[in-house]
Protein chains: 4
Amino acid sequence: MRDIGVGVIGTGFMGKAHSFAYRAVAGIFPGSLRPVLQSVADINGDAAEQAAKQFGFRRWRTDWQALVDDPDIEVVSITAPNTVHREMALAALAAGKHVHCEKPIAPNADAAKDMMEAAEAAGVVTQVGYNYIKNPILKLARSMIAAGELGEITGFRGIHAEDYMADPEAPYNWRVDASGGAGAIADLGSHIIGMARFLLGPISHVDADLETVVKSRPIRAGASERRAVEVDDIARLTVRFERGCRGTIEANWVATGRKMLLGFELTGAKGSLAYTQERLNELLHYRTSGDPRHSGYTRIEAGPQHHPYGLFCVAPGHQLGFNDLKTIEVAEFLEAIAGGERRGPDFREAWEIQKIIDTAVRSSKVRAWQAIE
Amino acid sequence: MRDIGVGVIGTGFMGKAHSFAYRAVAGIFPGSLRPVLQSVADINGDAAEQAAKQFGFRRWRTDWQALVDDPDIEVVSITAPNTVHREMALAALAAGKHVHCEKPIAPNADAAKDMMEAAEAAGVVTQVGYNYIKNPILKLARSMIAAGELGEITGFRGIHAEDYMADPEAPYNWRVDASGGAGAIADLGSHIIGMARFLLGPISHVDADLETVVKSRPIRAGASERRAVEVDDIARLTVRFERGCRGTIEANWVATGRKMLLGFELTGAKGSLAYTQERLNELLHYRTSGDPRHSGYTRIEAGPQHHPYGLFCVAPGHQLGFNDLKTIEVAEFLEAIAGGERRGPDFREAWEIQKIIDTAVRSSKVRAWQAIE
Amino acid sequence: MRDIGVGVIGTGFMGKAHSFAYRAVAGIFPGSLRPVLQSVADINGDAAEQAAKQFGFRRWRTDWQALVDDPDIEVVSITAPNTVHREMALAALAAGKHVHCEKPIAPNADAAKDMMEAAEAAGVVTQVGYNYIKNPILKLARSMIAAGELGEITGFRGIHAEDYMADPEAPYNWRVDASGGAGAIADLGSHIIGMARFLLGPISHVDADLETVVKSRPIRAGASERRAVEVDDIARLTVRFERGCRGTIEANWVATGRKMLLGFELTGAKGSLAYTQERLNELLHYRTSGDPRHSGYTRIEAGPQHHPYGLFCVAPGHQLGFNDLKTIEVAEFLEAIAGGERRGPDFREAWEIQKIIDTAVRSSKVRAWQAIE
Amino acid sequence: MRDIGVGVIGTGFMGKAHSFAYRAVAGIFPGSLRPVLQSVADINGDAAEQAAKQFGFRRWRTDWQALVDDPDIEVVSITAPNTVHREMALAALAAGKHVHCEKPIAPNADAAKDMMEAAEAAGVVTQVGYNYIKNPILKLARSMIAAGELGEITGFRGIHAEDYMADPEAPYNWRVDASGGAGAIADLGSHIIGMARFLLGPISHVDADLETVVKSRPIRAGASERRAVEVDDIARLTVRFERGCRGTIEANWVATGRKMLLGFELTGAKGSLAYTQERLNELLHYRTSGDPRHSGYTRIEAGPQHHPYGLFCVAPGHQLGFNDLKTIEVAEFLEAIAGGERRGPDFREAWEIQKIIDTAVRSSKVRAWQAIE
């Protein structure tokens, strides 16, 4: 096991989650690389210093470029606001670093493509923070589909709905600023689009309806002045997969009451699966074979028989949480850096997802089906 | 309470259910009309005779026209195959009878319109078998929406999915014969479209994708010869409601594992509702007010506080079943005949639903949004 | 199919339910006896007249003895208050009638034994209103146990909890009057004890703790004067079954929030079952065999493969309700009268259940295990 | 924030979990102590070396006494087999160390008392591994009870059931060796007993029935020779709490199908709570107030409003897992060491729990109620 230097840019929600995962991973996964938390950067020096102390980084900086240039750092983790992902990632790639970037990596597919090409030219490993698909129970789902256990897939219904923008008085912020890209479809839709691809492969066509539910928002909390909102609060997609089946996908950040309705129902000729992130250690499975008196949906609970659950806990029923999924994400990233399988999602995959988002936006504007190109 | 003569055409699944409801209703509902089961008709005399005996009809017939003409009969219930609904209903209307017809009443909107016009010209009461919306817990849902308890409605996601056509070897039958109209969207979609209208009012536009998943079926069970299928197995609709909100609707009869996934999730600025017919005595309700430490979805269980549950059982928790919903349907039909409120769904409502189905079929063909006209 | 005259005593909750079932049964079950609702009795003449009219009885009476003596009546259904069950049943048996009596049939085992002996001497068929075990999904459960599909049974945990006596200001009434027998253990416990016996056979020993939670109640609604309560609000039993396994049973009518928590979890060496009446069309089933990656509890939904569900509805997923269970109870009673299998629960079974209740009361007093004798 | 040296004894399931928690805690909780993983001990040198490397300890040892004596170590974490907990803990206390010991700390109450007295004499902080009660959603439950939101508590039904000993061919091992103490009631029952005390306070009396379901087990996997089992596989307790309410508790390690059925249903005059560890981020809450048309159980989802969830994740719905609960346990332990509130459970609490276990064993033998002394 050799040490590998890590630098994290950003100290917010995801900065903390990444730091946690890099610190935890070597104790859970018996891999060949052990992260050393070298440096954390934040434009706010106090935040950077505090994060360095609390999360256990050796150094802190307000200048992210210096972190990128640090020769002790092989891995750059980017958790700063979405608008700066691109600039930071390109700089890190230019410096020959492996790059772990939060999603979305870019406001549109063209920008994502630039980043993907830079990454592939650099020959480094990239990882994008689509952690939900790292869930062992979803790996099981994917393997069942791939093995044909569900027969030919005949339909998919996916959703990612939360309610953090449901309050019409929630003020205007970067999330609803069109310069950062699309709205709910980028912020939440990217997760369920990625999950759909993870399970079923490429999407070829999309017919989308994007809706701005809250037409204007206070310019700041409590302000009477309001600013018009241009991005989507809800995106409703009908899609076709390259493999032949079709489905629907919804992204919704005004879904009052929902905190993490990220899930799907997926149907095949021989069986079906249903999942929701609200109960991330469970997978519902129906199969057509067997005694019809006993048939029904089986609630599979995650356990050590579903790798890598067993690395977290040898006993079934103990349950993984969100931060554990992030740890798996980091473990697989490090495994790829060490020369193992590249499971991604990498910048290429992020580009593929972004193309679907861009196409959906275009489809909604022209009110017609569009091919993903 | 006065007696009212009833004649039922058809002795199958729905013939039995209607007969049950007409026999049961007066004992449950203290209304002013008491059905007298005068006559049952079936083209198969043995079936008719057997049904008369078992269900308690005074007479049986093989000639449905004779039943329609019977002066002792004021109410004609039509449960024969869909293809003959129109002819029978027009005859019954011509004879001045109140008509209770199973859904769909017609293979297309033009035919439904004829029937609606005939009914309104006759001045009788019509009732169409959309029983699911008769559920007391859905009446609660509707009243909450109407009272503004959920705030402005911001989204709807409805589905009716079952799996009775999922097996590719299930033989070709009347359900998949295009001469009878559309496929899953007519057979199942009509229920969820009607439920959407019941809750949220008219739909103005639709963008649909209809798919034939099982491209051909054996001409009969076990046959090697197959016949091409033209109707939809899955219909995926994006819709706009006149009230301003939008949503999606799916109809699917190849949804392996699902026996009665008829339900919706409906979101408003102040609260949300979720429902599935799989648990028809429950309604999930979220509201934004209250102590945030305690907030969440409340599982409301049907009880006597939700009229007319209390007529079936004075104690909560005892649960209604499918046949009880049919009994409520009949009770409301009789109440309308007696001069009370006309709650429908009547032939006009069936026509409205059929227009949406026809428009969805057209939208799918032209691959574009269509207005409901 | 021959007619059989039925008389119902009582017009309340259960009077209505029985009348409904007798009226409905012949239309659902193709049996050999068709009930004719001859007479209904209630000490309140208006109630009797109204019930006769609404439920479709030919006559009504205020004198139940006259109903019992009516030669047109072969079946007497007793739904009057518990305190008069015994007198009425003995009179009906003396008159040679088949007796359908609501539970509990008697305030104690001695009285129940008299009734059982009278019934067996009379050679008629008796039926006691333990309707919940008539559920097709519980018939499935029983058959799985009997067939050994769960292996040797290793534990049982049963409960019947509701909250209709939870409010300390709910006034003193017949339910809490000790002259009528025990409290929650008689009113609710009898159901789960009967269900335990239905599934697993006789109980041999019991160790019980009975508790009066609400020590006194207003003598009438709103009264300031209170009357001490002597009967149990909660009964907690540890039991041994003759077959060797053990378990626990709780009866509780102060279980705030619960409307129908009647259910069990039952474990065997090869599998397990879990059930709650809150979702009476579902049974959870776990089995030890099969691929461990896919193992879990399967939610079996009631369907036509679970007899007699199919008589109510030919399609799965449509769900039975409480009144349907009552109809099955009546159907099986009539089948037994016609010479078919006597499935009970009959007066002997009611006596067996009452013995367990009496023994539990005694066990709680002496604070020790007691054998059922 | 000052550093504090930690030594962990044991490298198995709990050794890994403790190491994880000590490594993670400072990055999650902004406390005043930062653990430094000084040393790990295992009788197996390879295991110790491997653990040191993977979990990030500076040193490893095969001699646990040396670890205890290490002046760099202030906190000793004991995760070795149960039989050696006592010896190790007493040695660590003698060395003046704060002790974190896995449960059960001792095979019986007398031994636990010795340990408790030694701890209190030493004036150090002790912590016992009852991590489940560290769940933010259970802290909410406790605070609701304490604030009287549920009214007077009227009943408790608790259980901890799993199935890791359900297979009769699972070989004899230390778990079923009576020299280590009781069986399921010690291994699992201690969790639910501790949870009952956490929520409702002291238990005063117990009436227990302990059962050995699998009477003998193979002396090793696959062996034909079998050894008699003396300890309980299932323990069924009826209990009285000092506060006046009563309840039942079941511990069961042969509950086929159950992986983590640790939970309770708890009823009060004004409301109720239900919980299962199978869905550890949810709490069901019923209250008697409010509009009866909307009443029901509310599914509260853990979020940042439930401290310390927000330290793990600022957004709701993201879910904690088992290892996170362990991290909270360590955080609270460190907080107590730093002079903050001592939330326990400490050795005194472990002794209280063990007394209930011992009393239950005695009660089962004498088949009578026993007071906890």
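For clarity, every value in this text was computed on a predicted model and none was experimentally measured. (Residues numbered from 1 in each chain as written. Chains lettered and ligands numbered in written order. Predicted model: local features only at pLDDT ≥ 70, side-chain atom pairs only at ≥ 80, totals over all residues. Heavy atoms only, no water.)

A closer look at the interface of chain C and chain B
- Taken together, the contacts link 41 residues of chain C with 41 residues of chain B.
- Both sides of the chain C and chain B interface together cover about 3600 Å² of buried area, and 48% of this is carbon and sulfur.
- Ranking the residues of chain C by area buried against chain B places Q54, H318 and Q319 of chain C at the top, with a combined share of 17%.
- The partner of E278 of chain C in a salt bridge is R299 of chain B, with the nearest N and O atoms 3.5 Å apart.
- The tally of links between chain C and chain B comes to 30 residue pairs in polar contact (both at pLDDT 80 or more).
- Where the side of chain C that touches chain B is concerned, the elements lending two or more residues are α1 (13-28), α2 (45-55), β16 (296-301), α9 (309-312) and α10 (322-337) of chain C.
- A total of 8 residues in the side of chain C that touches chain B trace back to one element, the largest contributor, which is α1 of chain C. (Contact = heavy atoms within 4.5 Å. Buried area = accessible area lost by both parts, 1.4 Å probe. Salt bridge = Lys/Arg side-chain N within 4 Å of Asp/Glu carboxyl O. Polar contact = N/O pair within 3.5 Å; in protein donor to acceptor, adjacent residues only side chain to side chain. Helix = DSSP H or I, 4+ residues; strand = E, 2+ residues; numbered from the N terminus.)

Section: the confidence of the model for chain A
- Per-residue confidence for chain A averages 96 on the pLDDT scale, and 100% of its residues sit at or above 70.
- For this predicted complex, the interface confidence reaches an ipTM of 0.97, while the overall pTM sits at 0.97. (pLDDT = per-residue confidence, 0-100.)

Digging into the relation of the copies chain A and chain C
- Superposition of chain A onto chain C requires a rotation of 180° combined with a translation of 0.0 Å along the rotation axis, giving an RMSD of 0.0 Å. Such a turn and shift between the copies fits a two-fold axis. Taking C-alpha positions as reference, the residue of chain A nearest the rotation axis is T298 of chain A, located at 1.9 Å. (Least-squares fit on C-alpha atoms with pLDDT ≥ 70 in both.)

Considering the domain arrangement of chain A
Residue and element names in this part refer to chain A.
- With domains assigned, chain A is organised as domain 1 (2-131) and domain 2 (134-366).
- Spacing between the C-alpha centres of domain 1 and domain 2 amounts to 24 Å.
- The interface of domain 1 with domain 2 comprises 48 residues on the first partner and 39 residues on the second.
- A combined buried area of about 3900 Å² lies between domain 1 and domain 2, and 70% of that area is made up of carbon and sulfur atoms.
- Here domain 1 and domain 2 share 3 salt bridges between them.
- Between D187 and K103 there is a salt bridge, with its nearest N and O atoms 3.7 Å apart.
- Connecting domain 1 to domain 2 are 11 residue pairs in polar contact (both at pLDDT 80 or more).
- Sorting the residues of the side of domain 1 that touches domain 2 by element identifies α1 (13-28), β2 (33-41), α4 (85-94), β5 (98-101), α5 (109-122) and β6 (126-128) as the ones contributing at least two each. (Domains from an automatic or database assignment.)

Description of the relation of the copies chain C and chain B
- Turning chain C through 180° and shifting it by 0.0 Å along the axis lays it on chain B, with an RMSD of 0.0 Å.
- Looking at chain C, 100% of its interface residues are interface residues in chain B too, so the copies touch through the same face.

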